[in-house]
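Coordinate inspection notes
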Amino acid sequence: MSTPPLDILALAAHRDDVEQTCGGTMLKMAQRGHRTGILDLTQGEMGTRGSAEDRAREAADAAKILCTSWRQALDIPDGRVENTWENRLKVARVIREQRPRVVILPYWKGRHPDHYTASVLGYEACFLSGLAKLGAGAAAGGSELPPHRPFKIVYATLYYDVRPTFVVDITEQFETRLQSLMAYKSQFSDQEAGKGIFPAEAEIRSRVEAMARFYGMLGGVTYAEPFLQKEVGLVEDLTVIPVKSI
Ligand SMILES: [Zn+2]
């Protein structure tokens, strides 16, 4: 194998989705010594602001700020993320190449169709990549790779109003995570293009802070990011469960 496996892979529809929904967690995991990676399904060619090339450069800058070991964007059309067999194979191939233990997916409901489709597409690709008889490498135009299925899948829920099952304390990572978002200068810096639909930089800061504060409050810390897992939690010792009840 050419590269060591990823401990955590975050998958999202658009460049900057990971920075917005779980960037602090990704940075925190990297700081704890885990190998982290980001898979963007699209390249952002439909964005009101900036070209796909601008966004590629910005995505690389943001990945560096978050201490990410690996980042790649697939060629799925922006605004048209569809859960097709071909797209599932493209993602399954990445899962087999990078062999993550944990995969972070977007939540399966949302306003933007690309977001909720990416969730189901990601889940089904994680399933497919574990099938021994599936030749994901060959089918996606590459050499054969051994099957791999992540141990854990969690969903980043920040884009949707749903109660998370857990939050990750990002108090120490908050400022750097905000910088990773601001690395998308073509999207977030104050400018004329798309002025009516994009909030000003100061407003973005306040919004990001308000959300992080809200989820932080749920976990009894200053800033946090929300996640949902489908499985129940497993407890060994009742006396060390975090988050105060009363
Ligand atoms: Zn998005």
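Just above, that's the structure.
These notes cover the structure that comes with them. (Residues numbered from 1 in each chain as written. Predicted model: local features only at pLDDT ≥ 70, side-chain atom pairs only at ≥ 80, totals over all residues. Heavy atoms only, no water.)

Moving on, we come to the overall build of the protein. Secondary structure summary: the protein contains eight helices and seven strands in total. The C-alpha radius of gyration of the protein comes to 18 Å, within 12% of the 18 Å expected for a compact globule of 246 residues. Dimensions of the protein along its principal axes, counting C-alpha atoms only, are 55 × 50 × 30 Å. Counting only residues that meet the buried cut, the protein has 47% of its 246 residues in that class. Taking the intrachain contacts of the protein between residues at least 6 apart in sequence as the baseline, contacts between residues at least 24 apart amount to 81%. A total accessible area of about 12,600 Å² is found for the protein, and carbon and sulfur atoms account for 55% of it. Within the protein, the 31 negative side-chain charges are centred at a point lying 4 Å from the centre of the 30 positive side-chain charges. (Helix = DSSP H or I, 4+ residues; strand = E, 2+ residues; numbered from the N terminus. Rg over C-alpha atoms; globule rule 2.2 N^0.38 Å. Buried < 20%, exposed > 50% of the residue type's maximum accessible area, 1.4 Å probe, protein only. Contact = heavy atoms within 4.5 Å. Areas by Shrake-Rupley, 256 points an atom, 1.4 Å probe, with all protein chains shown as cover. Lys, Arg positive; Asp, Glu negative; His and termini not counted. Charge placed at Lys NZ, Arg CZ, Asp CG, Glu CD.)

Take the coordination of the zinc ion next. On the protein side, the zinc ion has His-14 (ND1), Asp-17 (OD), Asp-17 (OD) and His-115 (NE2) as donor atoms, found 2.1 to 2.5 Å from it. Given four donor atoms and angles of 55 to 128° at the metal, the environment of the zinc ion is assigned as irregular. Spacing between the donor residues of the zinc ion along the chain follows H-x2-D-x97-H. A relative accessible area of 5% means that Asp-17 is categorised as buried. (Donors = N, O, S within 2.8 Å, 3.2 Å for Na, K, Ca; no water. Tetrahedral: all angles 85-135°; square planar, octahedral: opposite > 155°, others 65-115°.)

This brings us to the side chain of Glu-225. Checked against the element boundaries, Glu-225 lands in strand E7 (residues 224-228). One polar contact links the side chain of Glu-225 to the main-chain amide nitrogen of Gly-23, over a distance of 3.3 Å. A distance of 2.6 Å separates a polar atom in the side chain of Glu-225 from a polar atom in the side chain of Thr-25. (Polar contact = N/O pair within 3.5 Å; in protein donor to acceptor, adjacent residues only side chain to side chain.)

So, about unusual backbone geometry. The phi dihedral of Asp-16 is positive, around 95°, even though this residue is not glycine. Summarising the element assignment, Asp-16 is placed in the loop between strand E1 (8-12) and helix H1 (17-31). Unlike most non-glycine residues, Cys-67 shows phi in positive territory, near 55°. In this structure, Cys-67 sits in the loop between helix H2 (52-65) and strand E3 (70-73).

Right, let's talk about the sheet that holds strand E2 (residues 36-40) for a bit. If you trace the seven strands from one edge of the open sheet to the other, you get E3-E2-E1-E4-E5-E7-E6, paired in mixed fashion. Unpaired on one side and paired on the other, E3 and strand E6 (166-169) mark the two borders of the sheet. Ignoring which end each strand starts from, the neighbouring axes of this sheet average 25° apart. With two bridges joining them, strand E5 (residues 152-156) and E7 adopt antiparallel strand pairing. For Tyr-155, the partnering residue across the bridge sits in E7 and is Leu-228. (Pairing = 2+ DSSP bridges. Axes fitted to C-alpha atoms, helices over the stretch in contact; angles between N-to-C directions.)

The values reported here are purely geometric and, on their own, carry no functional implication.
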